[in-house]
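Now for the letters of each chain:
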Amino acid sequence: MKQNTTSGEQVDFNRRGFLKTGSLTTLMAMMGGVALRAEDEKKEGAVAQPEEKHVGPPVNCAIVGCGVQGRELINTLSKLPNAPVVAICDTYEPWLRRSKELAPKATAD
């Protein structure tokens, strides 16, 4: 299929080319494209700067729904220093008990 561009040129456009390009684009997006790497070597004369730690007051977190995603949230929050899980809530008792084991300091309801 030939299509006209805004400048009046004709461009060959077909389904096979579209699918090949789309598949390659999707594959590159899934693979993360080009890997970005930090520079390993320090330049001469560069002054070493101390690492900044942005630590603020703790943010109390509550989880509503202790299914698969809720338990994953509890696992992730337990790794953060300033995000204690203080409350968990679910209507299904087995999931609530299981989540209570992951967050023993949290109140369960």
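Worth saying up front: this structure is predicted, and the values here are computed from it rather than measured. (Residues numbered from 1 in each chain as written. Predicted model: local features only at pLDDT ≥ 70, side-chain atom pairs only at ≥ 80, totals over all residues. Heavy atoms only, no water.)

How would you explain the overall build of the protein if you had to name every residue and give the values?
The number of helices and strands found in the protein is three helices and five strands. Starting at the N terminus, the α and β elements of the protein follow one another as β-β-α-β-α-β-α-β. Scored against the burial criterion, the 109 residues of the protein give a buried share of 15%. Counting only contacts in the protein whose residues sit at least 6 apart along the sequence, the fraction spanning at least 24 positions is 38%. Taken as a whole, the protein presents about 10,000 Å² of accessible surface, with 56% of it coming from carbon and sulfur. (Helix = DSSP H or I, 4+ residues; strand = E, 2+ residues; numbered from the N terminus. Buried < 20%, exposed > 50% of the residue type's maximum accessible area, 1.4 Å probe, protein only. Contact = heavy atoms within 4.5 Å. Areas by Shrake-Rupley, 256 points an atom, 1.4 Å probe, with all protein chains shown as cover.)

How would you summarise the sheet that holds strand S3 (residues 61-64) if you had to cite specific residues and measurements?
Strand order in the open sheet formed by three strands is S3-S4-S5, with parallel pairing between adjacent strands. The outermost strands of the open sheet, each flanked by one partner alone, are S3 and strand S5 (107-108). The pairing of S3 with strand S4 (residues 85-89) spans four bridges and is parallel. Across the sheet, the residue bridging to Val 64 is Cys 89, located in S4. (Pairing = 2+ DSSP bridges.)

How would you sum up the environment of Ala 87? Please name residues and give values.
Mapped onto the elements of the fold, Ala 87 is located in strand S4. Its relative accessible area of 24% is what places Ala 87 among the partly exposed residues. Separated by 21 residues in sequence, Ala 87 and Ala 108 have C-alpha atoms that sit 5.9 Å apart. What Ala 87 contacts, discounting residues up to four positions off in sequence, is Cys 61, Ala 62, Ile 63, Ala 106 and Thr 107.

Explain the packing of aromatic side chains to me, and be specific about the residues and the numbers.
Across all of its chains, the model carries one aromatic pair by this definition. For the pair Tyr 92 and Trp 95, a centre-to-centre distance of 5.1 Å together with 75 degrees between the ring planes defines the contact as edge-to-face. Classification of Tyr 92 by relative accessible area gives partly exposed; the value is 45%. A residue is classified by how much of its surface remains accessible, and Trp 95, at 35% relative accessible area, is partly exposed. (Phe/Tyr/Trp six-rings, centres within 6.5 Å; stacked < 30°, edge-to-face > 60°.)

Mind laying out the layout of surface pockets, listing which residues take part and the relevant values?
Here the largest pocket is characterised by a volume of approximately 200 Å³. Around the largest pocket, the lining is made up of 14 residues, and of these Ser 78, Ala 83, Pro 84, Val 85 and Ala 103 lie nearest the centre. Elements supplying a minimum of two residues to the lining of the largest pocket: helix H2 (68-78) and S4. Sort the elements by how many residues they give to the lining of the largest pocket and H2 lands first, with three residues. Here the residues of the lining of the largest pocket sort into 12 nonpolar, one polar and one charged. (1 Å grid on protein atoms, 1.4 Å probe; cavity = no way out; pocket = protein on both sides within 12 Å on 5 of 7 lines; lining within 4 Å. Points joined across faces, edges and corners; volume = space filled by probe spheres on them. Nonpolar A, V, L, I, M, F, W, Y, C, P; charged D, E, K, R; others polar.)

Which residues make up the pairing of S4, and what values go with them?
Note on the crossover from S3 through H2 to S4: the handedness is right-handed. Pairing of S4 with S5 involves two bridges; the strand directions are parallel. Bridge assignment links Ile 88 to a residue of S5, and that residue is Ala 108. (Right-handed = clockwise from strand over helix to strand, strands pointing away.)

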